Amino acid sequence: MSATAERAPAVPVCDADPFSPPVLDKPEELHHVLRAAGPVVYLSRYDVHALARYEEVHAALVDWQHFESGAGVGLADFRHEEPWRPPSLLLEADPPRHDAPRRVLRDILAPPALRRLRETWQAAAEEMVDQVLGRGREFDAFTQLASAFPLRVFPDAVGIGSEGQENLLPYGNMAFNAFGPVNDLVKADAHRVAELSAWVNGRCAREALTEDGFGARIWAAADRGDLTHAQAPLVVRSLLTAGVDTTVHGLAACLYAFATHPEQWQRLRERPESARVAFDEAVRWQSPVQTFFRTATTDVSVSGTVIPEGTKILMFLGAANRDPARWADPDRFDLARDPSGHVGFGMGIHQCIGQHVARLEAEALLTALARRVDRIELTGAPRRHLNNTLRSWASLPVRVHPAT
Ligand code: OVM
């Protein structure tokens, strides 16, 4: 065997900035370039490796032993840099420390525990859609529905009530920006970090929570000894960080999808029981959470490339969710496909623990809308809001045609 044949092939290098405004606004082209370049790509701008193909992203997500989260799932390396807030006990932790908080929150957010919310949320959705339609046929579906609905139901479910809820989206926006580099998006919110953190942390205290919400259940788990009392407020903080912006932009993705695919809206109206699958297909198609990092726990070989121990790996969930090697006609939003297996909620031990909550919100809102609206169309260009991690929205101007 010759020396050249033994040498590992050079890893493709890409100098693009995935966190630059034009890429955040329209990431598809870079996703295509990265998938085509190879199974592993080196991003010279940030000195990290990146995965953009479904097979490698999926494999890394399920291999927590080699791809850890405890050093942070953003660009910042918690082994060497002070995190901007105490790390999440769920997102930014590995087994065994990750396991107790995960089990507690999993039980609180599992489908049987959500049954009591279903009727209330359905009624809230019907009322909200009636109110919006009562004001006219043209409105901003982002502000009036996609962001209004989660803010209407989720804070009550957690048990923080509605006071100060205008802080929730800005806090989440800040937290999701913080996974990226310290660019203009992060700097723009730097002056609010202390104020927003203080407000959120204050809502996590036992005495700030109602007695019947997710928050109180987390504290009750601490009383049972399933968590320490020091851990409880941090687990409540996870709900408030991960539970609002994600569902808001996931619902916006659905509404955008249906406004631009009228035949899919007809299909949903004929089969309202497909609302949950529609939500998952929208999560696959838009990937509200676009990226997360992992850190290599050892020198780890991925499809022939060695990624050095202690270095960060950027996983492009959005690119994997449109990988033509995994999905037929991946750019199509299509209710006829089976979107299960998408990595929009992640995969493996960190897979989104709130996904049943998100699906319940989506089901309530979409079915309420489907009963009343025959057609949704855009009346202007939708506007994105740029965030280092979230594929997010600022405005979705629509006109709806009431069902007759
Ligand atoms: C957390 C958390 C979990 C998932 C996503 C996330 C900001 C945060 O535990 O705080 O994004």
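This is a predicted model, so every value here is computed, not measured. (Residues numbered from 1 in each chain as written. Predicted model: local features only at pLDDT ≥ 70, side-chain atom pairs only at ≥ 80, totals over all residues. Heavy atoms only, no water.)

S.K.: Kindly report on the site of the ligand, identifying the contributing residues and their values.
M.R.: Taken together, Arg 85, Ser 88, Leu 91, Ala 175, Phe 176, Phe 179, Ser 238, Thr 241 and Ala 242 make up the full set of residues adjacent to the ligand. Contact between the ligand and Ser 88: an oxygen atom at 2.6 Å from a side-chain N or O atom of the residue. Between an oxygen atom of the ligand and a side-chain N or O atom of Ser 238, the distance comes to 2.5 Å. In the complex, 89% of the free accessible area of the ligand, which totals 300 Å², lies under the protein chains. Secondary-structure elements contributing two or more residues to the shell around the ligand are helix H8 (168-177) and helix H12 (232-242). A total of three residues in the shell around the ligand trace back to one element, the largest contributor, which is H12. (Near = heavy atom within 4 Å. Polar contact = N/O pair within 3.5 Å; in protein donor to acceptor, adjacent residues only side chain to side chain. Areas by Shrake-Rupley, 256 points an atom, 1.4 Å probe, with all protein chains shown as cover. Helix = DSSP H or I, 4+ residues; strand = E, 2+ residues; numbered from the N terminus.)

S.K.: Now, about the nonpolar core: what can you tell me, with residues and values included?
M.R.: Ranked by internal contacts, the top residues of the largest apolar core, which has 84 residues, are Phe 149 and Phe 214. Ignoring sequence-local partners within four residues, the contact set of Phe 214 consists of Ile 108, Leu 109, Leu 114, Arg 116, Leu 117, Phe 154, Ala 157, Val 158 and Leu 239. Counting residues in hydrophobic clusters, the runner-up holds 24 residues, among them Phe 292, Val 300, Trp 327 and Leu 390. (Core = buried A, V, L, I, M, F, W, Y, C linked by side-chain atoms within 4.5 Å. Buried < 20%, exposed > 50% of the residue type's maximum accessible area, 1.4 Å probe, protein only. Contact = heavy atoms within 4.5 Å.)

S.K.: So what's going on with the pattern of salt bridges? Residues and values would help.
M.R.: Tallied over the full model, the rule gives 22 salt bridges. Glu 309 serves as the salt-bridge partner of Arg 79, at 3.1 Å between the closest nitrogen and oxygen. Taken together, the residues span a long stretch of sequence, with Arg 79 in the loop between strand E4 (67-68) and helix H5 (99-108) and Glu 309 in the loop between strand E8 (305-307) and strand E9 (312-316) at a distance of 230 residues. Given the relative accessible area of 41%, Glu 309 is considered partly exposed. Between Arg 269 and Asp 374 there is a salt bridge whose closest N-O contact spans 2.8 Å. (Salt bridge = Lys/Arg side-chain N within 4 Å of Asp/Glu carboxyl O.)

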